[in-house]
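Coordinate inspection notes
Here are the chains, one letter per residue:
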Amino acid sequence: MRNKWVIVYVLIIASLVTWQISCAASAHTKPEKDSKELKIQDMLVLFLLPYMKDKLSEVYSTDLKGAPDLYPYFIDVKQVDRLNGFRGFEFQITLEATPTVGPHIAVGDDLFTFEVKSGVDVKLVKFEHLKGPNKKDFPPNYQDLLTIQ
């Protein structure tokens, strides 16, 4: 009888641990199916992509021989706020981007904060260069893309 209770306790603890691990893992994964919100975020990213690429080519010009590539699937929408209340059309949008070179070699992480108003009024209000290129992350045959030695 005692062995049965031990087995029951072990199974309960194992299931709780497994459940916690799966919940923690799902909090950091990308969405696997489409939704209305995801479509709108993707459209927003496409709209802001040229502004982001311009800033990245300026910022990385001292580290890379050419401008880095920026793909929409390497951009995460971190936060969107309305600046002028309910149904107002002035937004502050924060995006995190991972620019790449060559076969998707990450060269850094950057945080953009834009203000978008009606019309085509887009203004970069804050830019944070979180991480730059590291020579150790580049394969030997791609190190010629770096200006840093």
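Predicted model, so just to flag it, every value in this text is computed and none were measured.

Attention shifts here to the sheet that holds strand 6 (residues 121-131). Ordered in space as 1-2-5-6, the four strands form an open sheet in which the pairing is antiparallel. Strands with a single pairing partner mark the edges of an open sheet, and in this sheet they are strand 1 (75-82) and strand 6. Across the sheet, the mean angle from the axis of one strand to that of its neighbour is 15 degrees, orientation sign disregarded. Both strand 2 (residues 91-97) and strand 5 (residues 109-117) contribute to a ladder of seven bridges, which runs antiparallel. Of the residues in strand 5, the one forming a bridge with Gln-92 is Glu-115. Relative to the sheet, helix 2 (residues 36-59) contacts strand 1, strand 2, strand 5 and strand 6, its axis offset from that of strand 5 by approximately 120 degrees.

Now for a nonpolar patch on the surface. A contiguous nonpolar patch, built from Phe-47, Tyr-51 and Val-120 and spanning about 270 Å² of accessible area, is present on the exposed surface. By the secondary structure assignment, Phe-47 is in helix 2.

Let's shift gears to the nonpolar core. Leu-48, Met-52, Ile-75, Leu-95 and Phe-114 are the most contacted members of the largest nonpolar core, which has 24 residues in total. Put simply, the parts of the chain that give this core at least two residues each are helix 2, strand 1, strand 2 and strand 5. No other element matches the seven residues that helix 2 contributes to this core. Contact partners of Ile-75, with chain neighbours within four places excluded, come to Val-45, Leu-49, Met-52, Leu-70, Leu-95, Glu-96 and Ala-97.

With that settled, the discussion passes to the pattern of salt bridges. Where charged atoms from two side chains of opposite charge come close, those side chains can pair. Scanning all chains against the criterion turns up three salt bridges. Lys-55 is paired through a salt bridge with Glu-58; the nearest N and O atoms lie 3.4 Å apart. Of this pair, Lys-55 and Glu-58 both sit in helix 2, separated by three residues, roughly a single helical turn. The salt bridge involving Lys-126 is made with Glu-128; its shortest N-O contact spans 3.4 Å. A relative accessible area of 45% places Lys-126 in the partly exposed class.

Within the secondary structure layout, Asp-42 lies in helix 2. What makes Asp-42 partly exposed here is its relative accessible area of 41%.

A separate point is the pairing of strand 6. Sheet topology places strand 5 next to strand 6; nine bridges connect them, and they run antiparallel. Looking across to strand 6, one finds that Lys-117 is bridged to Asp-121.

Here Thr-94 shows up in strand 2. Each residue touching Thr-94, except ones within four places of it in the same chain, is listed here: Asp-76, Val-77, Lys-78, Gln-79, Leu-111, Phe-112 and Thr-113.

A separate point is the packing of aromatic side chains. For the structure shown, the criterion picks out seven aromatic pairs. Each ring, one from Phe-112 and one from Phe-114, has its centre 6.0 Å from the other, and the planes form 5 degrees; the classification is stacked. With respect to burial, Phe-112 and Phe-114 carry one shared label: buried. The class of Phe-112 is buried, set by a relative accessible area of 0%.

Criteria and cut-off values
Residues numbered from 1 in each chain as written. Predicted model: local features only at pLDDT ≥ 70, side-chain atom pairs only at ≥ 80, totals over all residues. Heavy atoms only, no water. Pairing = 2+ DSSP bridges. Helix = DSSP H or I, 4+ residues; strand = E, 2+ residues; numbered from the N terminus. Axes fitted to C-alpha atoms, helices over the stretch in contact; angles between N-to-C directions. Contact = heavy atoms within 4.5 Å. Patch = residues over 30% accessible without salt bridge, like charges linked within 9 Å, V, L, I, M, F, W, Y side chains within 5 Å. Areas by Shrake-Rupley, 256 points an atom, 1.4 Å probe, with all protein chains shown as cover. Salt bridge = Lys/Arg side-chain N within 4 Å of Asp/Glu carboxyl O. Core = buried A, V, L, I, M, F, W, Y, C linked by side-chain atoms within 4.5 Å. Buried < 20%, exposed > 50% of the residue type's maximum accessible area, 1.4 Å probe, protein only. Phe/Tyr/Trp six-rings, centres within 6.5 Å; stacked < 30°, edge-to-face > 60°.

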